[in-house]
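What follows is the residue order along each chain.
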Amino acid sequence: MATELYDDPYSDDDGSEEGATELVTSDPATTGTGGVLQDEREREPMTDREILSVVETELQNSGSEHSGELSENRILAMRYYEGRMRSAPKGRSQAVSTDVADVIEWTLPQCIEALVNTENVVLFDAQSEEDEEAAQLETDACEHVIFKENDGFTYFYSVVKDALMQKNGIGKIYWDESTSVCYETYEGLTEMEAAQLLQPEDGSIVVPTEMTPHEAGGAAVTMDGQPVFTYDITVRRVTRNGGVKVVPMPPEEFRVNRDHTSINLDDARFTAHERLATESDLISEGWPEDLVRDLPTYSVDTTGEREERRSLEDERDFGYDASDRATRRVKVAECYAHVDTDRDGYAELIQCHVAGDSTYVLMGWEHVPCNPFVGCTPFLMTHKFWGRSLYDKVSEIQDQKTELVRAIQDNLSHQNNARLAVVAGQVNLDDLLTTRPGGVVRQKAPGMIEPLVAPQIGELGYRQLEWLDNVRTGRAGVSPDTAAVANAIAGDTAHGLERLMSAKEELTGLIVKLFANTLSKGTLTKVRMNLQRYRKTPIHFQARKQWQEVNPAEWRARTGATVKTTLSHSDRMKKAQGLAMTLQQQQTVWEMGGDGILVTMDNIYNTLAEFTRSSHVGDPSPYWQDPKSPEAQQAMQQKQQEAMEQQQQVEAQQAQMQASQQMMLQAQAMIEQNRELTKRMESALKDAREREKMAQAALQHSQDLDLDYTKMEVDAAVDIHGQGLNQKPSPWDMGSAD
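Criteria and cut-off values
Residues numbered from 1 in each chain as written. Predicted model: local features only at pLDDT ≥ 70, side-chain atom pairs only at ≥ 80, totals over all residues. Heavy atoms only, no water. Phe/Tyr/Trp six-rings, centres within 6.5 Å; stacked < 30°, edge-to-face > 60°. Helix = DSSP H or I, 4+ residues; strand = E, 2+ residues; numbered from the N terminus. Buried < 20%, exposed > 50% of the residue type's maximum accessible area, 1.4 Å probe, protein only. Expected span 1.5 Å × (residues − 1). Pairing = 2+ DSSP bridges. Axes fitted to C-alpha atoms, helices over the stretch in contact; angles between N-to-C directions. Contact = heavy atoms within 4.5 Å.

A. Spotlight on the packing of aromatic side chains. Inspection of the entire model under this criterion finds nine aromatic pairs. Ring centres 6.1 Å apart and planes at 25 degrees place the aromatic pair phenylalanine 153 and tyrosine 157 in the stacked group. Taken together, the positions of phenylalanine 153 and tyrosine 157, both in helix α5 (residues 152–166) and four residues apart, correspond to about one turn of that helix. Here phenylalanine 153 falls in the partly exposed class, since its relative accessible area comes to 43%. Owing to a relative accessible area of 29%, tyrosine 157 belongs among the partly exposed residues under this scheme. Note on tryptophan 175 and tyrosine 534: the rings are 5.7 Å apart at their centroids and 25 degrees apart in plane angle, and the pair reads as stacked.

Shown next as structure tokens:
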């Protein structure tokens, strides 16, 4: 087996080979496992004194609020922000340019808008399609804890402002199990109300310290005739807090090992929160009272960042009243250090509390999975934890503008009150030094007084101020005059404004992205970790107009979270315009019959929801209903049922119409048949009438013929009779006579 020797730092030997430790390499030919440190003897765990020594060394090496360039830089940043700069000589202008405060206050709204008013800046990654809803619920639950159970707005505002002003902002996320005690007084309680008061449902402990009964006035008596009493009660309520706390930390109270090379504090070798706490605070956190009483008292220090932050005289700290030990203050450091407590060759993370300023007292320690800190910076310095602030980038501009403004004001003052050159003994100095309107200055000869002309620097000074403002904008990425400059762009004004806004907002957009990926992501992740580890009761919250209930103890392990890309104002405008065009196209496709093929209701809802978010309206749930929600599903089912009923009604109406049409067709057919029959009957009747007419005509003709024939016969008879008178009778006549 291949081996090499290294000195055992815990050995009492002199470094000889006998006192060395054997290092097992990862040669698969000689060992079945990976490289493992194997001690030749069983090591004893580190003692409390040794752990205190390690932590004390790390704490002292991590810097303090009283010394070092970092502390001086942060002190100057607070002074520049408040406009407390070097004073000019008496009689000169004391004007101060507040560029550091201006760029910080111009940048803050964009950062807070993106981190606070944007829905789900960070979303936990789902591990499967079925896990998407659970990941969304966990994200919503953690945001509820940050913004509802804690003051999330103040948290993000404070940490971001610290970062913009003092290089890095620090947030602390931890599980709070402190105890709070308060006294409450109630008057006029009935016996039942007093019993309910002494048995609270919130889990707190209520102990009566004073109870005074009073006989109720009037004729109030019990069922057995006894008088009714009311009670005045004073109780002592002890509440044990249990919840995730999200708090901003003053940068001067945070410690990190000097050689830490990342903005991510999870892998830092040493971190600490050094704070001032009263005895009451420590006892409420669960520390034994006898231990707290023996901790050293913090001596008031009027130097350093802690006191510089309280710049006003009324904010200064002048100690405490020794008669009230509960308010006695102790300097406590909550340290998180990687220490090999069991001497197995691997450093484990421990939480260690120590008290004191220069000499420390160990309060206690335990193993923990991670530290509670998250950090952020506006300008990340690679391979370093401490970044750069807006003060670092703009303080030089503030120095130059302050000097320039003072020079311009002094020059204007000299123009109004110019210095004079006088000939000694030729001018009455009393008259000269007495300045009044229309005053007389006596001189022995003309020209004895001559003004000393001061050069006018106003125009040049204003140009220099404008140039410095442009430099400031380039360094910080923000300015108050974007609209005015945009209006001055000639030609393609709209696109000129777009280019101008994009160029100015790129830097601010990058700052926001840094905050989202460090502060927001780290905060949400550690809130989830604390909830999953410590919370045993479900969380009830409302998200997207729906009440939800989740139990953090049942959450599965998650390995990642996704940060939404935060957009600048101009990018949001362009996105909103693109979404509006997309919505119009979806509407066109829907009307052309593409619903369900190219466009669905989910597609339209996603467009509307994203448009609402891009328009800075916020959560789209008050304005649009998700088609996947139970209400929408119920409405869709109701609409489908109504559509089916309408379809049935339409089909019934269509059947009725078809039956009516059939009847109409049959009636029309019968009418046509009747018409045809009528026509035939009319034709037959006409024919009959024609035949009747013809018969009548024939009869008439026959009658006429008979009449004519009779007439002819009569006429013939008459003629024959007339001739018979003159002639002999005809044989015919004779025959007839016979």
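B. Structural view of helix α16 (residues 601–614). Over its 14 residues, α16 runs 20 Å from end to end, which matches the ideal 20 Å to within 8%, given 1.5 Å per residue. Along α16, the positions that sit buried rather than exposed are Ile604, Tyr605, Thr607, Leu608, Ala609, Thr612 and Ser614.

C. Up close: the sheet that holds strand β7 (residues 205–215). Read across the sheet, three strands follow the order β6-β8-β7 without closing on themselves; strand pairing throughout is antiparallel. Strand pairing shows two members of the sheet lacking a second neighbour, β6 (179–189) and β7, which therefore form its edges. Mean inter-strand twist for the sheet, computed between neighbouring axes without regard to direction, equals 10 degrees. Where β7 meets strand β8 (residues 229–240), ten bridges bridge the pair, whose relative direction is antiparallel. Looking at the pairing, isoleucine 205 lines up with valine 238 of β8.

D. Region of interest: the side chain of threonine 402. With respect to the helices and strands, the residue threonine 402 is situated in helix α10 (residues 390–416). What threonine 402 contacts, discounting residues up to four positions off in sequence, is Met85, Ala95, Val96 and Ser97.

E. Examining unusual backbone geometry more closely. One non-glycine residue, arginine 343, lies in the positive phi region at around 55 degrees. Considering the arrangement of structural elements, one finds arginine 343 in the loop between β12 (329–339) and β13 (348–355). Exposure remark for arginine 343: the relative accessible area of 9% places this residue in the buried category. Positioned with a positive phi, histidine 383 is a non-glycine residue whose angle comes to about 60 degrees. Its location among the elements puts histidine 383 in the loop between β15 (373–376) and α10.

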